[in-house]
Amino acid sequence: MQCRRRQGSGLVKKIAYVASIMLTTGALFASAACTGGAPGTGSGTVEQDTGSRQEIRYMIGQPEDPADLELIKSDLKTFESKNQGITVKLDVIPSENVRTVLQTQLRSGEGPDVFGYDTGPGFAGALAKAGLVYDLTGAYAEHKWPIYDFAKKRVTFDGKIVGVPSQIEEVGIFYNKTLFAKHGIAQPQNLADLTAAAEKLKQNNVVPFAVSDKEGWQGGHLLSMALSSAVGSKGMDDLLNGRTSWNTQPVVDSLAVWKQWNDKGLLTPSPAAVSYDNANALFYSGKAAMDPTGSWLALDIERNAKFDVGFIPFPAQDGAGIFSGGLGAGTFVSASTKKADASIKFLDYLLTAEHGRWAAEKLQDIPAYPIDTAGMKASPLFKQVLDDSAKIANGTGDFGYNIDVLTTDVFNNAMWKGIQGILSDQSEPAKVAAQLQTAYEKSAK
């Protein structure tokens, strides 16, 4: 039940992710340690409202599809019916404004009681460092919330658990099977196949890739998927933990792929000026054949695309490649809330087995805790996402990593601006790779 910048999905059997889905990021977490300085810390420093009737304000980013907003509103009514005396005021703001609006409100002490936000050091970690989020460590112990251990680590800073992870995701390439078949193109099995497919599509007046990077964060996904397949999960682990420099050839080459394709006209024209919504609309319309983004888009594709869609990892030079897997959004409580008990009851509701099943079935989210999905209906595309993700649990799959939820603000800003520069012909891959290493070193200090 989050803003749909990133949203995951899961189903068919009981989903049981294991810690191996993610790398060990101790150094990164340490760099985002909580330092205090907030209006409150969730440890009793804010006077609480003890009234029998309470209204909590819940802030989320605007869902990409209005149908999702109606589902969320209905779900909030269900929560209210189960928790007499508590009402939820939904505060929906444009997704691109969430970061600025949220931080401004939290720092003023006038923020929402509960809010959706991304996990990891560069997002939740930055709020924790500023002391702006409520310490939920006690709530976890009291309610025994069944969050996967690897996911819990993504919202743990300086030994305090500050949020509830809610979305697991994978990043890859959606492609229009109907268009591929029309032009005699088979599913790409390696990077050369993918490039050849894109060139053939362009020759037939089809935009090969619906790439957007106006908002900036999309560039992190472009690098994540190309780099994960190029160096594998171990290579990503080494980069993210400082054992390998970002200023190395695999990083340069992964950035260069997107530059080369842009130079050849295989991406949407001027991708750094194209919004995420507009790129998706181009794919839905059938004017673009591929959409490189995350599994959170599966439900919107199902609603808007009138053709068969496949979902593949970004290919490697010598094979099919691997998906970039990760944890996306989570739910958090403001450190300055005066309604902590009501807010925690809301979180507790979000973590029930019933709600997890609802989220998977209605929103195609992959909850960050086990749910029994037996008997649930799923589209072929959603079932594929679930089956791909389930391979993590039985040890038969390998995932790369989504970079921006594992790195700091400093690193992410360098990555986002650098890739925008590449896609607007204002920078070069080698320069950006060097900037990434400099940003990583600054983050580690």
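Look above for the structure.
Structural notes, computed from the coordinates. (Residues numbered from 1 in each chain as written. Predicted model: local features only at pLDDT ≥ 70, side-chain atom pairs only at ≥ 80, totals over all residues. Heavy atoms only, no water.)

Once that is clear, we can look at the packing of helix H10 (residues 249-263) against helix H16 (residues 409-423). It is at 9 Å that the axes of H10 and H16 come closest, and there the two elements cross at 30 degrees. As judged from the angle between their axes, H10 and H16 are roughly parallel. When H10 is examined against H16, the residues Leu255, Trp258, Lys259 and Asn262 are found in contact with a partner set consisting of Ile419, Ile422 and Leu423. (Axes fitted to C-alpha atoms, helices over the stretch in contact; angles between N-to-C directions. Helix = DSSP H or I, 4+ residues; strand = E, 2+ residues; numbered from the N terminus. Parallel < 35°, antiparallel > 145°, perpendicular 65-115°, else oblique. Contact = heavy atoms within 4.5 Å.)

What follows is about helix H3 (residues 98-108). Along H3, the residues that are buried comprise Val98, Leu102, Gln103 and Leu106. Considered in projection along H3, the buried side chains sweep an arc of 110 degrees and stay on one side of the axis. Turned more than 90 degrees from where H3 packs its buried face, Thr100, Thr104 and Arg107 sit exposed. Looking at the packing, one finds that the buried side of H3 touches strand E1 (54-61), strand E2 (86-93), strand E3 (114-118) and helix H4 (124-129). Phi for Gly109, located one or two positions after H3, is positive at around 80 degrees. (Buried < 20%, exposed > 50% of the residue type's maximum accessible area, 1.4 Å probe, protein only. Arc of directions from axis to C-beta.)

Another aspect to go through is the packing of aromatic side chains. On inspection of all chains with the given rule, the structure shows 20 aromatic pairs. A ring pair is formed by Tyr117 and Phe123, whose centres lie 6.1 Å apart and whose planes are at 75 degrees; its orientation type is edge-to-face. Seen from their ring centres, Phe174 and Phe311 are 4.2 Å apart, and the 20 degrees between their planes marks the pair as stacked. Of this pair, Phe174 sits in strand E7 (residues 168-176) while Phe311 sits in strand E10 (residues 309-312), placing them 137 residues apart in sequence. Each member of the pair, Phe174 as well as Phe311, is classed as buried. Joined through ring pairs, the aromatic side chains of Phe115, Tyr117, Phe123, Phe332 and Trp416 make up one cluster. (Phe/Tyr/Trp six-rings, centres within 6.5 Å; stacked < 30°, edge-to-face > 60°.)

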